[in-house]
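Geometric and topological summary
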Amino acid sequence: MKVLVAGGAGYIGSHCVRQLLAAGHQPVVLDDLVYGHPAALAPTVPFYQASLGDRAALDRLFAAERIDIVMHFAAFCYVGESVKVPMKYYLNNVVATLQLLDAMQHHGVRKFVFSSTCATFGVPDRLPITEDLPQAPINPYGQTKLDVENALKALARAQGLSFAAFRYFNAAGASEDGTIGEDHDPETHLIPLAIGAAQGRRPPLQVFGTDYPTPDGTCLRDYVHVDDLSRAHIAVFDRLAAPGTALFYNLGTGNPTSVLEVIRAVEKVTGRKVPVTYGPRRAGDPPALYADSAKARRELGWTPKFPDIESIVATAWQWHSKHPRGFDQ
Ligand code: UDP
């Protein structure tokens, strides 16, 4: 398949490009490099530098490349920022995504793989989270992803778009060969911040909230390796053949892991202490989110290769220890 990877210079997109190449597909990358890194691009892969809202650039791309499937990773992903600056999230995550979908429709590209999120579930009624639970986001980030999920359903019905939406839990880790990894600016995610604190490159890690109704009082999340996520995106291709297909999958290992457990895993893997301070809860954080991924396992034959937090942190550590300044080094 010839696959357009929107956001292919970003964290999950760049890992997906490597997995596509490994599986014998032909990726093409679209990225505006606002958050993406030139050094994360795969050297042999065609690259178009443009934003999703640049219709002329999208028209040129779709005319030049016969794209079979579009994968869309070019979204903003910070829960806290989305609470403070929701317009930024609506404009990029909703409006720009619709512009991409409109360009696809215009050029007859009918298959779409979408990065959604467990944040669409808000504070779930039940755990682990199955696909059929009600979705009621408690932050604008989750709301923007749910808005796109709903638009996709309507487009599938009205114009025969076939899509899969993957609700990621907490993407983490780095490629096993150590060549690419997580490098956000600003970095707000737990594992890179904890590793940076252990290295003495970053300030002590602040634990956001110790009074949650969880076993140790800190939030429970489901950390899932970025390459495992990527493999699910490719495994779904065969299921998108029929026009109007609408698929939803929750992707996580199913292991609830607390903030303190992540810190302990980082200490074990790095052999260093993580300096920690304890602070208040962060706005928009639900107490516990972890996946029931039985549907992905059953239908896509998906099995996480990195089922536990230590194996995930080990790959992140390999990347951060070799690239303490991320892609800039
Ligand atoms: N967290 C924390 N301190 C930090 C960053 C994150 O305690 O400096 C917590 C956060 O409250 C959440 C978990 O770590 O419970 C994972 O947060 P992250 O930002 O990595 O991912 P999110 O769950 O927001 O997608």
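A brief structural summary. (Residues numbered from 1 in each chain as written. Predicted model: local features only at pLDDT ≥ 70, side-chain atom pairs only at ≥ 80, totals over all residues. Heavy atoms only, no water.)

1. A look at the layout of surface pockets
Operational definition: Cavity means a closed set of points on a 1 Å grid over the protein atoms alone, one where a 1.4 Å probe fits but cannot get out, pocket means an open set with protein on both sides within 12 Å along at least 5 of 7 lines, and lining means a residue has an atom within 4 Å of a point. Grid points are joined across faces, edges and corners, and a volume is the space filled by probe spheres set on the points. Think of it as three bins: nonpolar holds Ala, Val, Leu, Ile, Met, Phe, Trp, Tyr, Cys and Pro, charged holds Asp, Glu, Lys and Arg, and polar takes everything else, Gly as well.
A volume near 330 Å³ is recorded for the second largest pocket. Lining of the second largest pocket is provided by 22 residues; of these, H37, D183, H184, D185 and R325 occupy positions nearest its centre. Per-class residue counts for the lining of the second largest pocket are eight nonpolar, six polar and eight charged.

2. Section: the pairing of strand 5 (residues 111–117)
Filter applied, for reference: Each residue is placed in one exposure class: buried if its accessible area under a 1.4 Å probe, protein chains only, is under 20% of its type's maximum, exposed if it is over 50%, and partly exposed if it falls in between. Secondary structure is summarised from DSSP: a helix means a run of H or I of at least four residues, a strand means a run of E of at least two, and numbering begins at the N terminus for each. Only strands that DSSP links by at least two bridges are regarded as paired with each other. Handedness is read with the strands pointing away from the viewer; a crossover is right-handed when the path from the first strand over the helix to the second is clockwise.
Among the seven residues in strand 5, six count as buried, and that is most of the element. For strand 4 (residues 69–72) and strand 5, the ladder comprises three bridges, and the chain directions are parallel. Bridge pairing in strand 5 places H72 opposite F114. Of the strand pairs in this sheet, strand 5 and strand 6 (residues 162–168) are connected by seven bridges, and their pairing is parallel. Across the sheet, residue F114 finds its bridge partner in strand 6, namely A165. A crossover connection joins strand 5 to the parallel strand 6 through helix 5 (residues 140–159); in handedness this β-α-β unit is right-handed.

3. Quick notes on the packing of aromatic side chains
Quick note on the threshold: To pair, rings of Phe, Tyr and Trp, with the six-membered ring standing in for Trp, must have centres within 6.5 Å; the planes then decide the type, stacked if under 30 degrees apart, edge-to-face if over 60, and tilted in the middle. Any Lys NZ or Arg CZ found within 6 Å of a ring centre and within 35 degrees of that ring's normal is scored as a charge over the ring.
The tally for this structure, following the rule as stated, stands at six aromatic pairs. Ring geometry for F76 and Y89: centres 5.7 Å apart, planes at 65°, overall edge-to-face. Linking F76 in the loop between strand 4 and helix 3 (79–84) with Y89 in helix 4 (residues 86–106), this pair joins segments that are 13 residues apart in sequence. Of the residues examined, F76 reaches a relative accessible area of 16% and is grouped as buried. Taking the centre distance of 6.1 Å and the plane angle of 15° together, the rings of F112 and F114 count as stacked. For F114, a relative accessible area of 1% translates into the label buried. Positioned over the ring face of Y212 is R281, at 4.0 Å from the centre of the ring. In this structure, K295 is placed above the aromatic ring of Y249, and the distance from its NZ or CZ to the ring centre is 4.5 Å.

4. Structural notes on the side chain of K2
Short version of the rule: Nitrogen and oxygen atoms within 3.5 Å of one another constitute a polar contact, given that in protein one can donate a hydrogen and the other can accept it, and given that sequence-neighbouring residues count only through two side-chain atoms. Here, two residues are considered to be in contact whenever any of their heavy atoms come within 4.5 Å of each other.
Inspection of the secondary structure puts K2 in strand 1 (residues 2–6). Residue classification places K2 among the buried positions, given a relative accessible area of 17%. A distance of 2.7 Å separates a polar atom in the side chain of K2 from a polar atom in the side chain of E65. K2 has contacts with Q26, V28, E65, R66, I67, D68 and I69, leaving out every residue within four places of it along the chain.

5. Digging into the pattern of salt bridges
Worth spelling out the cut-off: The salt bridge criterion pairs a side-chain nitrogen of Lys or Arg with a carboxyl oxygen of Asp or Glu, the two atoms within 4 Å.
Following the criterion strictly, the structure yields 13 salt bridges and no others. For E149, the salt bridge identified is with R167, shortest N-O distance 2.7 Å. Of the two residues, E149 sits in helix 5 while R167 sits in strand 6, which places them 18 residues apart along the sequence. Among the ionic pairs, R231 bridges to D228, the shortest N-O distance being 2.9 Å. With R231 and D228 both in helix 7 (residues 226–235) and three residues apart, the pair spans about one turn of that helix. Exposure remark for R231: the relative accessible area of 27% places this residue in the partly exposed category. Of the residues examined, D228 reaches a relative accessible area of 0% and is grouped as buried. Put simply, R55, D59 and D102 are held in one network by salt bridges that share partners.

6. Describing the site of the ligand
Short version of the rule: Here a residue is near a molecule or strand as soon as one of its heavy atoms is found within 4 Å of it. The Shrake-Rupley method, run with a 1.4 Å probe sphere, supplies the accessible areas, and residue values consider only the shown protein chains as cover.
The full set close to the ligand counts 16 residues, and L190, Q206, F208, R282 and D285 are the nearest of them. One of the backbone nitrogen or oxygen atoms of Q206 is found 2.7 Å away from a nitrogen atom of the ligand. Interatomic distance of 2.9 Å between a backbone N/O atom of F208 and an oxygen atom of the ligand. Contact with the protein chains removes 91% of the 510 Å² of surface that the ligand exposes when unbound. Residue assignment for the shell around the ligand shows that the elements contributing at least two residues are helix 6 (190–199) and strand 8 (205–208). Ranked by the residues each element gives to the shell around the ligand, the list is headed by strand 8, at four residues. Across the shell around the ligand, the residue classes break down as nine nonpolar, four polar and three charged.

7. Describing unusual backbone geometry
Residues apart from glycine generally show negative phi values, whereas peptide bonds are mostly found in trans. In this structure, the amide linkage connecting L127 to the following residue, P128, adopts the cis form with an omega of -10°. Mapped onto the secondary structure, P128 falls in the loop between strand 5 and helix 5. Of note, the phi angle at L33 is positive, near 60°, even though the residue is not glycine. Turning to its location among the elements, L33 is positioned in the loop between strand 2 (26–31) and strand 3 (47–49).

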